[in-house]
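A look at the structure
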Amino acid sequence: MSSVAPADLPVGKDLGSIEAAEQVTYREDTKAGRVKKRLTSRTATIVSLIIAVLWTIPTFGLFLSSFRPAELIRTTGWWTYFANPGLTLENYSSVLFSTSSSSPQLGAYIVNSIAIALLGTLITLVFASMAAYAFAWIKFKWVNWLFIFVFALQIVPLQMALVPLLQIFSTWLRPMQAWLHDVVPIIPEQNYAPVWLAHAMFGLPLAIFLLHNFIAEIPGDVIEAARVDGATHGQVFFRIVLPLATPALASFAIFQFIWVWNDLLVALIFSGGTQDVAPLTQRLAELVGTRGQDWQLLTASAFISIVIPLIVFFSLQRYFVRGLLAGATKG
Amino acid sequence: MTTGDLLGKILQVVMGLAILAAVVGLLIFFIDKAPKKGRDYWQLAGFLLPAMLFVTVGLVYPAIRTSILAFQTSSGEWTMDNFIWTFTQPAAIRTLINTIIWVLIVPTLSTIIGLAYAVFIDKSRGEKYYKVVLFMPIAISFVGAGVIWRFVYEYRSGDREQIGLLNAIIVAFGGEPVQWMQTDPINTFLLIVVMIWIQTGFAMVLLSAAIKGVPTEQIEAAQLDGTNAWQRFINVTVPGIRGALVVVVTTISIATLKVFDIVRTMTAGNFNTSTIANEMYTQAFRASEIGRGSALALILFILVLPIVIYNVNVLRKQREIR
């Protein structure tokens, strides 16, 4: 999974966040301001402008194209928009609402992505915070070794776990899924359980490590005082530790949500690929394979699949950057 | 999707939540009711139980099992064939070479571009917006990025107007359009561009934070000594951010070694573009060659290991200095 980088990244501090970087502003009349003027020469400005434009153009091209009529996408480049104007919502309505068997029918997959990301995040978060509390506040010698072991598990690549885990699931989980389908026919035999469990299993080592770092910093006096007053570990965990750890929980939750939402590998192996379970990413990858030339479908579908992470990115940037820097190499 | 389907899905989520709440509730209940004797042990066990169970079933056992499978035939006899195949078959060797090309180019270019950009925009007006622009791709899934770039690389045969930006530029300068994704070896490099596009933002944000940590006095002192901007950059800034550079390079290297989604989406590993992670998936889950897939997974693990160990050592030394 991850390298050990998280330990030293500016998690929880403000250095890493984009807004925080802005706080380190220098006034023009200070010495630093003068240094700045000479450092940011005209060439530097031009080069960074070029990089910025290069980085934006591909996404912008896809975005604009997703609103162009199919005929125009097929015959003209999106940069000729002013020569060939025309905007439509046709592409979006056809990938979302068309019920013909040849259309992408993204509705079901959007629901799947939300369902998978929601519980894939929540299960990880709940179990990780419990374990992190135990590691941080219940003292036994061998517990440290266990913690180091869990921490070390981050380096195991996902690929090492896929084959045996799939076998375990088909031996133990599959009969339970079949039984559930018999009892509640409305729930298909292929359900979310394997994908949820897989995401939780793969997410735990990093989650435990990050939350432990945070929970261990909660002042010992607070917890000792509560214990002396007769609070049980359960009460301390719910009433003191969780509320105090909210910022760390939020950062990790956002990171894990985006990670699960953007995942393709876990979905490919554990979802079964039908519209009962498969998330947007898997559907999009499938469309690229089968409808690779139908750009009116691909552009709209791709934009739908990336819009949620982008909204999270722009609205919760500070948390997002922290979480992301901490877990950049997960997987 | 019918209403029934949707209801079934909502029901699943509700049931999932209910089961999770029940498990946690029961655990906490029993933890608080633990017998007096050895109480702390029981409580610890209760808090650790779900996570340890998940980690054991999902990672520890599978990793051991994969290591064994790598040395077995499909009927369970011990063999080295899986590794022999990996290091002798031309297609498999090409996969290894591609992975090496990826891991040499992506971290290097991402870091250089990210660092240059971070230095250029440092303390400039609109720094925040410059950063957002470069950082945005990291929120986009690899699959989404794959589609975005496939569109850039799109090819139209004959005299038809090119709708892919890259070919349009080639044609505008009087060249012949190219089937980028099918043309070996340029296709591998074009896939690498996608990964660089995603990772540069990560490098930039981390390095930018590190650059702001370099004391202004040092820069000014160097300036008084009559050095030019480039000398100041090489002799003051770079040594000052060495730790961050190591973290960035190693982190991106590990992510690159595991690259799967981009290759899967854009070429599915065809036309000599496969990498270890993609080939592992193809062998184990498409060709049902469990042994070969496991061997590739093990190779991936072994490749990641030294980078992680190096990273740990650097971090530990930094801690000691502090």
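Position labels on residues start from 1 in each chain and follow its written sequence. The lettering of chains begins at A and the numbering of ligands begins at 1, in the order of writing. Local features in this predicted model are restricted to residues whose pLDDT is 70 or higher, and side-chain atom pairs enter the listing and the counts only when it is 80 or higher, whereas totals over whole chains, interfaces and linings include all residues.

Some points on the overall build of chain B
The criterion, for reference: Runs of H or I in DSSP of at least four residues are treated as helices and runs of E of at least two as strands, each being numbered from the N terminus. With the radius of gyration taken over C-alpha atoms, the globule rule is written as 2.2 Å times the number of residues to the power 0.38. Remark: C-beta atoms are placed from the backbone, and a residue is labelled buried if 20 or more other C-beta atoms sit within 10 Å of its own, exposed if 12 or fewer do, or partly exposed between those counts. Note on contacts: residues are paired as contacts if their backbone-placed C-beta atoms lie within 7 Å.
Looking only at helices and strands, chain B has 14 helices and 0 strands in total. Counting from the amino terminus, chain B carries its helices and strands in the arrangement α-α-α-α-α-α-α-α-α-α-α-α-α-α. Relative to the compact-globule value of 20 Å for 322 residues, chain B shows a C-alpha radius of gyration of 26 Å, a clear excess of over 25%. Expressed as lengths along the three principal axes of its C-alpha atoms, the size of chain B is roughly 75 × 60 × 50 Å. Evaluated residue by residue, chain B yields a buried proportion of 46% over its 322 residues. Summarising the internal contacts of chain B: among those between residues at least 6 apart in sequence, 66% fall at separations of at least 24.

Remarks on the overall build of chain A
Of the regular secondary structure elements, chain A holds 16 helices and 0 strands. The 331 residues of chain A split such that 50% are buried. Sequence-distant contacts, at least 24 apart, represent 74% of the contacts inside chain A between residues at least 6 apart.

So, the interface of chain A and chain B
What counts is decided by this rule: Here the term charged refers only to Asp, Glu, Lys and Arg, the term nonpolar to Ala, Val, Leu, Ile, Met, Phe, Trp, Tyr, Cys and Pro, and the term polar to all other amino acids, Gly among them.
Of the residues lining the interface, 108 residues belong to chain A; the matching set on chain B comes to 109 residues. Of the residues forming the side of chain A that touches chain B, the biggest block, 15 residues, is contributed by helix 6 (residues 106-137) of chain A. Looking at side-chain class alone, the side of chain A that touches chain B contains 79 nonpolar, 25 polar and 4 charged residues.

Some remarks on the environment of Arg150 of chain B
For Arg150 of chain B, the location among the structural elements is in helix 6 (residues 142-152). Remark: the alpha-carbon pair of Arg150 of chain B and Gly164 of chain B, spanning 14 residues in sequence, is separated by 8.2 Å. Aside from chain neighbours lying at most four places away, what touches Arg150 of chain B is Val288 of chain A together with Met266 of chain B.

Re the packing of helix 14 (residues 280-290) of chain A against helix 15 (residues 295-315) of chain A
Residue and element names in this part refer to chain A. Note the threshold: Axes, fitted as lines to C-alpha atoms, cover a helix only where it is in contact. Angles between the N-to-C directions of the axes lie from 0 to 180 degrees. Small angles under 35 degrees read as roughly parallel and large ones over 145 as roughly antiparallel, with 65 to 115 read as roughly perpendicular and the rest as oblique. Here is the rule for handedness: rotate from the far helix to the near one, and if that takes an anticlockwise turn smaller than a right angle the crossing is left-handed, while a clockwise turn gives right-handed.
At a minimum axis distance of 10 Å, the contact between helix 14 and helix 15 shows a crossing angle of 165 degrees. By the criterion of interaxial angle, the relationship of helix 14 to helix 15 is roughly antiparallel. Seen from above, helix 14 lies across helix 15 with left-handed handedness. On helix 15, the residues touching Leu280, Thr281, Leu284, Leu287 and Val288 of helix 14 are Leu297, Leu298, Ser301, Ala302, Ile304 and Ser305. Counted by class, the contact of helix 14 with helix 15 contains 8 nonpolar, 3 polar and no charged residues.

Considerations on the domain arrangement of chain A
All names here are of chain A. Note the cut-off: Note that the domain bounds reflect an automated or database-derived domain assignment.
Structurally, chain A comprises domain 1 (24-97) and domain 2 (106-326). With centres defined by C-alpha atoms, the gap from domain 1 to domain 2 works out at 33 Å. Each side of the interface is counted separately: domain 1 has 10 residues, and domain 2 has 11 residues. Put simply, the parts of the chain that give the side of domain 1 that touches domain 2 at least two residues each are helix 3 (42-65), helix 4 (70-75) and helix 5 (90-97). When residues in the side of domain 1 that touches domain 2 are grouped by element, the largest group, 4 residues, is from helix 5. Partitioned by chemical class, the residues of the side of domain 1 that touches domain 2 number 7 nonpolar, 3 polar and no charged.

Some words on unusual backbone geometry
Residue and element names in this part refer to chain B. Put simply, Asp184 and Pro185 share a cis peptide bond, and its omega is 5 degrees. Not every positive phi belongs to a glycine, and Asn272 is a case in point at roughly 60 degrees. Considering the arrangement of structural elements, one finds Asn272 in the loop between helix 12 (261-266) and helix 13 (276-286). Even without being glycine, Ser288 reaches a positive phi, approximately 55 degrees. On the secondary structure map, Ser288 appears in the loop between helix 13 and helix 14 (290-321). Taking the number of C-beta atoms within 10 Å as the measure of exposure, Ser288 has 10 and is therefore exposed.

Remarks on the packing of helix 6 of chain A against helix 12 (residues 246-262) of chain A
All names here are of chain A. Their axes nearest at 9 Å, the elements helix 6 and helix 12 cross at an angle of 140 degrees. Classified by the interaxial angle, the pair formed by helix 6 and helix 12 is oblique. At the point where helix 6 passes helix 12, the crossing takes the right-handed sense. Within the contact between the two elements, helix 6 uses Ser113, Ile116, Ala117, Gly120, Thr121, Thr124, Leu125 and Ser129 and helix 12 uses Leu249, Phe252, Ala253, Gln256, Phe257, Val260 and Trp261.

Details of the domain arrangement of chain B
Residue and element names in this part refer to chain B. Here chain B is partitioned into domain 1 (3-81) and domain 2 (82-321). Centre-to-centre, using C-alpha coordinates, domain 1 lies 34 Å away from domain 2. Across the contact, 10 residues belong to domain 1 and 10 residues belong to domain 2. At 3 residues, helix 2 (residues 39-69) tops the list of elements feeding residues into the side of domain 1 that touches domain 2. Broken down by class, the residue content of the side of domain 1 that touches domain 2 amounts to 3 nonpolar, 6 polar and 1 charged.

A short note on the environment of Asp184 of chain B
Residues and elements named next belong to chain B. Relative to the helices and strands, Asp184 is located in the loop between helix 7 (165-172) and helix 8 (186-212). By the C-beta count within 10 Å, which is 12 here, Asp184 ends up exposed. In the structure, Asp184 is positioned 88 residues away from Asn272 in sequence and 6.6 Å away in space, judged by C-alpha atoms. Every residue in contact with Asp184, bar those within four places of it in the chain, is listed here: Phe271 and Asn272.

As for the confidence of the model for chain A
Residue and element names in this part refer to chain A. How we decide: As a per-residue measure, pLDDT tells how confident the predictor is, with possible values from 0 to 100.
Put simply, chain A has an average pLDDT of 83, and 85% of its residues get 70 or more. Across residues 1-31 the pLDDT falls below 50, and counting only partners more than four positions away or on other chains, this stretch makes 84 contacts in the model. Throughout residues 33-39 the model reports pLDDT below 50, and contacts reaching past four residues in sequence, or to other chains, amount to 10 contacts.

So, the confidence of the model for chain B
Per-chain confidence: chain B averages 90 in pLDDT, with 98% of residues scoring 70 or above. We note a pTM of 0.88 for the whole complex and an ipTM of 0.90 for its interfaces.

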